[in-house]
Amino acid sequence: MLNTDKGIYIHIPFCASKCAYCDFVSYAGRDSLIESYFEALFRQIELFPYDWAVNTVYFGGGTPSYVDARLISETLEKTARRFTLARDCEISLEANPNSLSPKKLEIYKKAGINRISIGAQSMDDDILRLIGRAHRRSDTVKAAENVLKAGFDNFNLDLMFSLPKQTAADFEDTLKAAADLGVPHISCYSLTLEENTPIYRLYEDGTYSQDDEIDRQMYRAALEILASYGLRRYEISNFALPGRECRHNTDCWDFCSYAGFGAAACSFIRNTRLETTGDIGEFIRTFTEGAGEWDAASTAYEETAGELAEDYIMLALRKASGLNESDFSARFGEDFRKMYTDIIRETVSEGLAEEVGGFYRLTDRGFDLAGYVTKKFL
Ligand code: SF4
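First, a word on scope: everything that follows refers to the structure included in this document. (Residues numbered from 1 in each chain as written. Predicted model: local features only at pLDDT ≥ 70, side-chain atom pairs only at ≥ 80, totals over all residues. Heavy atoms only, no water.)

This paragraph deals with the overall build of the protein. For the protein, the count of helices and strands is 16 helices and 17 strands. In terms of overall size, the protein behaves like a compact globule, its C-alpha atoms giving a radius of gyration of 21 Å where 378 residues would be expected to give roughly 21 Å. Taking all 378 residues of the protein together, 52% fall into the buried category. In the protein, the share of contacts with a sequence separation of at least 24, taken over all contacts with a separation of at least 6, comes to 69%. Surface accessibility of the protein: about 16,800 Å² in total, with carbon and sulfur atoms responsible for 48%. Placing the 42 positive and 60 negative side-chain charges of the protein at their respective mean positions leaves the two points 5 Å apart. (Helix = DSSP H or I, 4+ residues; strand = E, 2+ residues; numbered from the N terminus. Rg over C-alpha atoms; globule rule 2.2 N^0.38 Å. Buried < 20%, exposed > 50% of the residue type's maximum accessible area, 1.4 Å probe, protein only. Contact = heavy atoms within 4.5 Å. Areas by Shrake-Rupley, 256 points an atom, 1.4 Å probe, with all protein chains shown as cover. Lys, Arg positive; Asp, Glu negative; His and termini not counted. Charge placed at Lys NZ, Arg CZ, Asp CG, Glu CD.)

A few words on the nonpolar core. One broad trend across soluble globular proteins is that nonpolar side chains are buried collectively. Counting 103 residues, the largest nonpolar core has Tyr-108, Ile-116 and Cys-188 as the members making the most contacts within it. With 7 residues, helix H1 (residues 34-46) is the single largest residue contributor to this core. Judged by nonpolar contacts, the second largest core, of 11 residues, contains Cys-19, Ile-127, Leu-191 and Tyr-208. (Core = buried A, V, L, I, M, F, W, Y, C linked by side-chain atoms within 4.5 Å.)

As a volume, the second largest pocket reaches approximately 400 Å³. Of all the secondary structure elements, the ones that give two or more residues to the lining of the second largest pocket are strand E8 (185-190), helix H8 (212-228), helix H15 (364-368) and helix H16 (370-377). Its residues assigned to classes, the lining of the second largest pocket comprises 9 nonpolar, 4 polar and 4 charged. A domain-level breakdown of the lining of the second largest pocket finds at least three residues from each of domain 1 (6-253) and domain 2 (322-377). (1 Å grid on protein atoms, 1.4 Å probe; cavity = no way out; pocket = protein on both sides within 12 Å on 5 of 7 lines; lining within 4 Å. Points joined across faces, edges and corners; volume = space filled by probe spheres on them. Nonpolar A, V, L, I, M, F, W, Y, C, P; charged D, E, K, R; others polar. Domains from an automatic or database assignment.)

This paragraph deals with the sheet that holds strand E17 (residues 359-362). With antiparallel pairing, 3 strands are arranged side by side in an open sheet as E15-E17-E16. Each edge of the sheet is formed by a strand with only one pairing partner; in this case those strands are strand E15 (323-324) and strand E16 (353-356). Summarising the sheet, E16 and E17 pair through 4 bridges and their orientation is antiparallel. Following the sheet pairing, Glu-355 is matched in E17 by Tyr-360. (Pairing = 2+ DSSP bridges.)

Going through the model one piece at a time under the given rule, you end up with 28 salt bridges. A salt bridge links Arg-331 to Asp-327; the nearest nitrogen and oxygen atoms lie 3.1 Å apart. Taken together, the residues span about one helical turn, with Arg-331 and Asp-327 both in helix H12 (residues 325-332) at a distance of 4 residues. For Arg-331, a relative accessible area of 25% puts it in the partly exposed group. Note on Asp-327: relative accessible area 10%, which makes it buried. (Salt bridge = Lys/Arg side-chain N within 4 Å of Asp/Glu carboxyl O.)

This part is about the packing of helix H14 (residues 341-349) against H16. At a minimum axis separation of 10 Å, H14 and H16 run at an interaxial angle of 160°. Relative to H16, the element H14 is oriented roughly antiparallel. The hand of the H14/H16 crossing is right-handed. Contacts between H14 and H16 involve Ile-343, Glu-346 and Thr-347 on the former and, on the latter, Val-373, Lys-376 and Phe-377. (Axes fitted to C-alpha atoms, helices over the stretch in contact; angles between N-to-C directions. Parallel < 35°, antiparallel > 145°, perpendicular 65-115°, else oblique. Left-handed = near helix turned anticlockwise from the far one by under 90°.)

Attention now moves to the side chain of Ser-237. Inspection of the secondary structure puts Ser-237 in the loop between strand E9 (232-235) and strand E10 (238-240). Since its relative accessible area comes to 9%, Ser-237 is described here as buried.

Printed below as a string of structure tokens:
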């Protein structure tokens, strides 16, 4: 059966300071714009032209927990007025450990937020300092305790690996310390080097390098250690207790439509991908100077059938469950096995993929070489 679930993403682009690896659209030291940004955001939400029932709302950033919690409540109220939120709607909010006070958690809870995602990144204070994070290990421990005390049983910790000066043993310590907090979901991402960031300059002058073999060793440690806590991999970078998988992200990997609001937010609506300007000044001007359309500050691109199929494959292969062959046929009117006979045969015989019950999925070895396998289909 085709999945027709829809989601909402809301981008809050403010942070206390800029991390050394960060290339996201996020601003530090622009607090004077916060109120006008939210006014523009409310206007953009009101202008959305479709009557959607949605299953998930996701506040991402930036650091949504950095701004006054009242603004998050108001945004959620406006969203609930413009959309029909499912009774069991998953409503997530990204937070940094040092801006997640018990008072804010109380306000979030009252507003209807039911999932908190904490940007822990590492449990090693020296590494946190090196990558320019504003918090320390003790802040993450406190934040997790506060989240549980406030009654959120659905929460995530984000971790990173292949960080400067990080050894495999350091990352194993981080994994265990994070899992020991009783967290039901952990995301683990290898550091992506982005140009024009302070970390990239360390890489350029040779102070820091990434080693593929150590990177894979760290990834395999995550798989093993998190499994011992009952956190199973359900997507290449995401691990959860059964029933605690992030629905918002799962819907995106399942090719569902989502609408994004705020500067730099992306949307995927009926074959069209939209991206709102990342220029916060332009975003505010557009929606406070009487814009008549919700996508007035966006660029839109309608994908061809071939591009859609490639996106679908790329996303499906990220999931542990893999690509649903009958869903592919229903969406694209093509038989996946016939279209890609040679690639399927080759990857299965190399031990990179397997076909199980109508699904084509990567093996453990395939996940290690996911980029290589995916490229074959593009
Ligand atoms: S908190 Fe997140 S969004 Fe903000 S600067 Fe750091 S990495 Fe970027």
